[in-house]
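What follows is each chain in one-letter form.
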Amino acid sequence: MQKVTARFEPQLSEAVKRTLASGFYINGPEQQRFERAFASYCGVRHCVGVGNGLDALTLILKAMKQLYGWDDTCEVIVPAFTFVATAEAVAAAGLTLALADIRPDAPLIDPRSAEQAITPRTRAIIPVHLYGQTCDMEPLRELARDHGLRIIEDAAQAHGAQHGGHRAGALGDAAGFSFYPGKNLGALGDGGAVTTNDEELAKRIRALANYGSQRKYEHLWPGTNSRLDELQASILSVKLPWLDTDNALRREVADYYARHITRSPEVWTLDYAPGESCVHHIFPVFCRHRDDLQHYLSRHGVQTLVHYPIPVHKQKAFAPYNALHYPQAESFAQCELSLPISPVQPLEHTRKIVELINQYTYEND
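Before going into details, it helps to say that this report is about the structure given with it.

Analysis parameters
- Residues numbered from 1 in each chain as written.
- Predicted model: local features only at pLDDT ≥ 70, side-chain atom pairs only at ≥ 80, totals over all residues.
- Heavy atoms only, no water.
- Helix = DSSP H or I, 4+ residues; strand = E, 2+ residues; numbered from the N terminus.
- Buried < 20%, exposed > 50% of the residue type's maximum accessible area, 1.4 Å probe, protein only.
- Contact = heavy atoms within 4.5 Å.
- Areas by Shrake-Rupley, 256 points an atom, 1.4 Å probe, with all protein chains shown as cover.
- Lys, Arg positive; Asp, Glu negative; His and termini not counted.
- Charge placed at Lys NZ, Arg CZ, Asp CG, Glu CD.
- Pairing = 2+ DSSP bridges.
- Axes fitted to C-alpha atoms, helices over the stretch in contact; angles between N-to-C directions.
- Parallel < 35°, antiparallel > 145°, perpendicular 65-115°, else oblique.
- Left-handed = near helix turned anticlockwise from the far one by under 90°.
- Nonpolar A, V, L, I, M, F, W, Y, C, P; charged D, E, K, R; others polar.

Our focus in this paragraph is the overall build of the protein chain. Check the secondary structure of the protein chain and you find 13 helices and 14 strands. Structurally, the protein chain occupies a C-alpha span of about 70 × 55 × 35 Å along its principal axes. Scored against the burial criterion, the 365 residues of the protein chain give a buried share of 55%. Sequence separation of at least 24 residues holds for 69% of the intrachain contacts in the protein chain that already meet a minimum separation of 6. On the protein chain, roughly 16,300 Å² of surface is accessible, and the fraction owed to carbon and sulfur atoms is 50%. One finds the centroid of the 36 positive side-chain charges in the protein chain at a distance of 5 Å from the centroid of its 42 negative side-chain charges.

In this section: the environment of glutamine 133. Positionally, glutamine 133 belongs in the loop between strand S4 (122-125) and helix H7 (137-147). For the pair glutamine 133 and isoleucine 205, spaced 72 residues apart in sequence, the C-alpha to C-alpha distance is 26 Å. Each residue touching glutamine 133, except ones within four places of it in the same chain, is listed here: Ala106, Pro107, Leu108, Leu270, Tyr272, Ser277 and Cys278.

Quick look at the sheet that holds strand S12 (residues 268-269) now. Here three strands make up an open sheet; going across it, the order is S12-S13-S14 and the pairing antiparallel. The sheet is open, and its two edges are formed by S12 and strand S14 (336-339), each paired on a single side. With two bridges connecting them, S12 and strand S13 (residues 283-286) associate as antiparallel partners. Its bridge partner being in S13, threonine 269 is matched across the sheet by valine 285. Against the sheet, helix H11 (residues 290-299) makes contact with S13 and S14, and its axis sits at roughly 25° relative to S14, the strand it touches most.

Here we take up the packing of helix H3 (residues 29-42) against helix H9 (residues 230-239). Interhelical geometry of H3 versus H9 gives an angle of 40° and a closest axis separation of 8 Å. By the angle class used here, H3 and H9 are oblique. In this structure, H3 crosses over H9, and the sense of that crossing is left-handed. Here Pro29, Glu30, Gln31, Arg33 and Phe34 of H3 come into contact with H9, specifically with Glu230, Ala233, Ser234, Leu236 and Ser237. In terms of residue class, the contact of H3 with H9 is made up of four nonpolar, three polar and three charged.

Okay, structure coming up:
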């Protein structure tokens, strides 16, 4: 992370000094500057900076619940394989969670499974652009049109990814982003944003994030405190112009992995379409003996992570769903291992990882 951040000096330090000298630390010109820039980058009319990615999704759902008259029994469909924040946002908004399986070839919501999850109480679908790969939006839009549903993108891992010539953040009714430090566009602390073309929705989200207030000491709705502070906004403004370049560097690492890792019964990778549909926030490989492979790589000095070992429907936090079965989500959770990937990753490091994986053999003692 230090190497990633050091590339932006001295601009980062200058931005921090400028913010400190301004006297604005909340709801100031840095936030407004970044919101305009990020809205333009995503190709939407509105961006609302908030405290983090979970808040972004929660505030979208709360605002829609108020504006469209949803009640607590209204359902929101979420993929069973995702970071738990996607499902937690539904619960935090006081709505009912519904789940769908993912595709057999990618960790993305399966439109056929989503269609099977639709009931008369369904109001929205949250496609998650997991690992930086955009979902197949056309069948989801068709479902939304046919059933009168809203589409809310979870774009927390997809900064800059494109689908059909449009960026993530402009593919549905609204989108939630996270600027957690490890993201493709990361702050130096927590941060998040909502993007949308819906002016009324953007206004309601901004009010809800500010204690339900549009004017000081006048509170129209029960709200919360979730704001993108000036320091983080100034940092993001420095890093945003580099995002496309960084994503291209990530693609180079991912392409090397995909082309050189031997596809065998032991270890395999996903198939990625050429172009900018994926920004490779995470590069996963899959192995039926995932834990053994992880220990093997660790012994050779390669740090890896698992995203994510427990699907949503098996989490204790969602106990009423524990008996459900989503086979693709469960399979991905058992086999996935995330390799190192970053825009500053040396080629020799990538080569070493590939060589180790290609030499790996599971030995059942």
